[in-house]
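Tertiary structure, described
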Amino acid sequence: RSQRVPDFPMYLQYAWGADRSSHLRASAVLRNPYMYKVSKDATTSLFGWGVQLSGTIKCCDWFRMFMNGVYGKGITPYIQDLTGSGLDFTPNPGNYERIQTTPMYGWQAAAQINLVPGKLHIAGGYSAVTVAKRNGFYAENEYREGQYIFGNIFWNITPRFKLAGEYLYGTRENMDGLKNHANRANLMVQYNF
């Protein structure tokens, strides 16, 4: 079903540096997600909210850092791993006829090194996402936690021609503790006509 009330985002940002290329941003979102309850043959909604601190710091011409942290309840559209998972709501274990918003959080940190400014750079980082298990009722095979580590290289051969390669290692753990991992390698060749 369509969302009845749009999400209400807000942020405050502080930028610095000669070209203002470094910044820290504090963000928040207020939500009114809703679902259909079969037992009442009607839709119901709960208040969802999230806060985030993100930023990038240009340490010098050849080195930049990136960071992001988010926490909230019922904010799956704002955490990539959780989008479409249906984890905005979960039954309340004290009363299974009632629902509650699900707490979740994630963070990431990355760095980029410009080996040849404007031509060749490498980057790497780590990220994690967790659905809080406290106070919840979940299926055993539902998402609990994911972790990723990546490294990539971009080479701008000409203004129109780019090559890139990336390696990513990820793990996922379900609510029942079952855990597995995967490796992925990507190659990109881009030419703009």
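Not measured: the values here are computed from a predicted model. (Residues numbered from 1 in each chain as written. Predicted model: local features only at pLDDT ≥ 70, side-chain atom pairs only at ≥ 80, totals over all residues. Heavy atoms only, no water.)

**A few points about the sheet that holds strand 10 (residues 120–131)**
Across the sheet, which stays open at both edges, the nine strands sit in the order 1-2-5-6-9-10-11-12-13 with antiparallel pairing between neighbours. Among the strands making up the open sheet, the edge pair consists of strand 1 (8–16) and strand 13 (179–191). Ignoring which end each strand starts from, the neighbouring axes of this sheet average 10° apart. Both strand 2 (residues 22–31) and strand 5 (residues 48–60) contribute to a ladder of nine bridges, which runs antiparallel. In the strand pairing of strand 5, His 23 is matched with Thr 56. (Pairing = 2+ DSSP bridges. Helix = DSSP H or I, 4+ residues; strand = E, 2+ residues; numbered from the N terminus. Axes fitted to C-alpha atoms, helices over the stretch in contact; angles between N-to-C directions.)

**Some remarks on the packing of aromatic side chains**
Applying the stated criterion across every chain yields a total of seven aromatic pairs. Here the aromatic rings of Phe 161 and Tyr 191 are separated by 6.3 Å at their centres, their planes lie at 55°, and the arrangement is tilted. Within this pair, whereas Phe 161 is found in strand 12 (residues 161–174), its partner Tyr 191 is found in strand 13, the two being separated by 30 residues in sequence. For Tyr 191, a relative accessible area of 43% gives the class partly exposed. Joined through ring pairs, the aromatic side chains of Trp 49, Tyr 71 and Tyr 105 make up one cluster. A cation over a ring is seen here: Arg 25 above Tyr 11, with NZ or CZ 3.9 Å from the ring centre. (Phe/Tyr/Trp six-rings, centres within 6.5 Å; stacked < 30°, edge-to-face > 60°. Buried < 20%, exposed > 50% of the residue type's maximum accessible area, 1.4 Å probe, protein only. Lys NZ or Arg CZ within 6 Å of the ring centre and 35° of its normal.)

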